[in-house]
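Secondary and tertiary structure notes
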Amino acid sequence: MKITQIETIRIGQFPDLTFVQVHTDGGIVGLGETWYAASTVEAAIHDHFGPLLIGRDPSDIEAHWQSMFRLSDHAGYGGAELRAISAIDIALWDIRGQSLKLPVFELLGGGTRHQIRVYNTLGFYGDITDSHDVWRDPVALAKSLLDEGIEGMKFSPTDFIARESGGNLLFKKQLDRALQPFREIRDALGTDIQVANDGHGKWNLATAIKIAQEMEPLQPMWHEELLSPLDEDAHLRLQASTVTPIAAAERLMTRYQHRRFIESGAARIVMPDLTWTGGISEVKKIAVLASGHQLPIAPHDCVGPVNMLACAAICMAMPNVMIMEYNRAMHRGWYSDFIEPNFVVKDGFLKAPEEPGIGARLASGVRDRADASVRVSSEPRESWLESRKRYTYPPPDIQEEFERL
Ligand SMILES: [Mg+2]
């Protein structure tokens, strides 16, 4: 089997969303996705990685990951290049699963479970207005989740306050008001529902410690990015100030950045975003690394639907998964417009995909939407590595001399 085309689809309605389809000469099409800076990701795919892969066997997933990463890391890895690698990696796993007629989790070692508990990040789409409801009637909101069997939720009660001071000043009266919904939930429902706190990296260390200590009696499930995970030392100091676990972090890239937080103890819960940090191939390695330190992973979501499918493969296969992020507003609001079939969350659990590959295809009609921007690469061309070999390595006769040694 050979890769014949790599196609990106950007959607005007969701300008951060990029779908990737990897086409093969056998007719199998793999689906991947990433989120954020979509036109930059599109350029990375077509300018850098497409030419590396067209004409190659899609089954050599790890080899392709390594060659894409090496190409990217030439100028420092991260950003759009790594998001592009993540999306392509998901599509390659999807092809492998389809060709073997198995769900991807079966290729990762088989199921350690066949469903994973989810928590609901409060979103807003269509009829679901969770992120506003939590301020109007937090107890009713929490009960509506419990009624569905969802026993965990996450929201961001303080991050918007940080805008005014750049994360440097938080008044006690602001914090008291921000935590009022959480207190009402605890007063009415006790600890029936777990509540996680996401700070989106907005606060400095001193304020993050103040927030963590003030929230301690409420027993949050975790604190996530109360400060940006730029260095593990600050996170370690935050962790030392509270018994609440510190989760880190969706914006850590690859095993190399996660390693520092895992080994230092700065992360008690490891939270990779599969579509940003390197795809299925890399999150599997991050999960293994975490397991070696007796730490759980809790994969990040709040992006597009394919991420949930790819995370489902990881969640079913890897033994040290704690819980999966989920956004019911997105799931019910718009995911069905883009994937067929939609994934299943029932009674508070994400179910193992049953279809081969990652478990769904790009919905018919997505490419033909009026707001879709489709770009296709189908020509292999001289890669950066090949041109380097030609122009910056020793002359060909000297290279041949080395090959004979
Ligand atoms: Mg977050």
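Residues numbered from 1 in each chain as written. Predicted model: local features only at pLDDT ≥ 70, side-chain atom pairs only at ≥ 80, totals over all residues. Heavy atoms only, no water.

The next thing to look at is the coordination of the magnesium ion. Within the protein, Asp 198 (OD), Glu 224 (OE) and Glu 250 (OE) serve as the donor atoms for the magnesium ion, at 2.0 to 2.2 Å. Along the chain, the residues donating to the magnesium ion are arranged with the sequence spacing D-x25-E-x25-E. Of this pair, Glu 224 sits in strand 7 (residues 223–224) while Glu 250 is found in the loop between strand 8 (246–248) and helix 11 (254–264), placing the two residues 26 residues apart along the sequence. As far as the burial class goes, Glu 224 and Glu 250 line up, both buried. (Donors = N, O, S within 2.8 Å, 3.2 Å for Na, K, Ca; no water. Helix = DSSP H or I, 4+ residues; strand = E, 2+ residues; numbered from the N terminus. Buried < 20%, exposed > 50% of the residue type's maximum accessible area, 1.4 Å probe, protein only.)

For the rest of this paragraph, the subject is the nonpolar core. Counting 113 residues, the largest nonpolar core has Phe 19, Phe 49, Met 153 and Ile 280 as the members making the most contacts within it. Counting the residues that make up this core, at least three belong to each of domain 1 (3–101 + 370–387) and domain 2 (106–358). Apart from residues lying up to four places away in sequence, Ile 280 is in contact with Asp 89, Ile 90, Trp 93, Val 104, Leu 108, Leu 274, Ala 310, Ile 314 and Ile 358. Counting nine residues, the second-largest nonpolar core is a separate cluster that includes Ala 196, Ile 269, Ala 298 and Ile 323. (Core = buried A, V, L, I, M, F, W, Y, C linked by side-chain atoms within 4.5 Å. Domains from an automatic or database assignment. Contact = heavy atoms within 4.5 Å.)

One can read the domain layout of the protein as domain 1 (3–101 + 370–387) and domain 2 (106–358). On a C-alpha basis, the centres of domain 1 and domain 2 stand 27 Å from each other. Of the residues lining the interface, 28 residues belong to domain 1; the matching set on domain 2 comes to 30 residues. With both sides pooled, the region where domain 1 packs onto domain 2 buries about 2400 Å², and carbon together with sulfur makes up 71% of that total. Considering only the side of domain 1, the residues that lose the most area to domain 2 are Glu 33, Trp 35 and Trp 93, jointly responsible for 24% of the buried surface there. Counting every contact that joins domain 1 to domain 2 gives one salt bridge. (Buried area = accessible area lost by both parts, 1.4 Å probe. Salt bridge = Lys/Arg side-chain N within 4 Å of Asp/Glu carboxyl O.)

Moving on to the environment of Ile 3. For Ile 3, the location among the structural elements is in strand 1 (residues 3–11). According to the relative accessible area criterion, Ile 3 is buried, its value standing at 2%. Separated by 217 residues in sequence, Ile 3 and Pro 220 place their C-alpha atoms 47 Å apart. Beyond its immediate stretch of four places on either side in the chain, Ile 3 contacts Val 22, His 23, Thr 24, Leu 53, Ile 54, Gly 55, Arg 56, Pro 58 and Leu 92.

To continue, consider the packing of helix 1 (residues 38–53) against helix 3 (residues 79–100). Where helix 1 contacts helix 3, the two axes come as close as 9 Å, and the packing angle between them is 60°. If you check the angle between helix 1 and helix 3, you find them oblique. In the crossing of helix 1 with helix 3, the sense of the turn from one axis to the other is right-handed. Between helix 1, through Thr 40, Val 41, Ala 44, Ile 45, Phe 49 and Leu 53, and helix 3, the contact on the second element is made entirely by Ala 80, Glu 81, Arg 83, Ala 84, Ile 85 and Ile 88. (Axes fitted to C-alpha atoms, helices over the stretch in contact; angles between N-to-C directions. Parallel < 35°, antiparallel > 145°, perpendicular 65-115°, else oblique. Left-handed = near helix turned anticlockwise from the far one by under 90°.)

For the rest of this paragraph, the subject is the packing of helix 6 (residues 138–147) against helix 8 (residues 172–189). Between two packed helices, both the angle of their axes relative to each other and the distance between the axes serve to describe the pair. With their axes 8 Å apart at the nearest point, helix 6 and helix 8 run at an angle of 60° to one another. Classified by the angle between their axes, helix 6 and helix 8 sit oblique to one another. As for how helix 6 packs across helix 8, the hand of that crossing is right-handed. Counting all contacts with helix 6, which are made through Pro 138, Val 139, Ala 142, Lys 143 and Leu 146, the residues of helix 8 involved are Pro 181, Glu 184, Ile 185, Ala 188 and Leu 189. Considering only residue class, the contact of helix 6 with helix 8 consists of eight nonpolar, no polar and two charged. (Nonpolar A, V, L, I, M, F, W, Y, C, P; charged D, E, K, R; others polar.)

This next bit is on the packing of aromatic side chains. Counting across every chain of the model gives 14 aromatic pairs. Each ring, one from Trp 65 and one from Phe 69, has its centre 4.9 Å from the other, and the planes form 20°; the classification is stacked. Taken as a pair, Trp 65 and Phe 69 lie in helix 2 (residues 61–73) at a separation of four residues, close to a single helical turn. Grouping residues by exposure puts Trp 65 and Phe 69 together as buried. Relative to Tyr 256, the ring of Phe 69 has its centre 6.0 Å away and its plane inclined at 25°; by these criteria the two rings are stacked. Separated by 187 residues along the polypeptide, Phe 69 in helix 2 and Tyr 256 in helix 11 bring together distant segments of the chain. Since its relative accessible area comes to 7%, Phe 69 is described here as buried. Put simply, the rings of Phe 14, Phe 19, Tyr 125, Trp 334, Tyr 335, Phe 338 and Phe 343 pair up and form one aromatic cluster. Sitting above the plane of the Phe 171 ring, Lys 173 keeps its charged end 5.9 Å from the centroid. (Phe/Tyr/Trp six-rings, centres within 6.5 Å; stacked < 30°, edge-to-face > 60°. Lys NZ or Arg CZ within 6 Å of the ring centre and 35° of its normal.)

Applying the stated criterion across every chain yields a total of 20 salt bridges. When the shortest N-O distance is used, the salt bridge between Lys 154 and Glu 325 registers 3.1 Å. Separated by 171 residues along the polypeptide, Lys 154 in strand 5 (residues 152–155) and Glu 325 in strand 10 (residues 324–326) bring together distant segments of the chain. Glu 325 shares its class with Lys 154; the two are buried. Through salt bridges with shared partners, a single network forms among Asp 130, Glu 148, Arg 328 and Arg 332.

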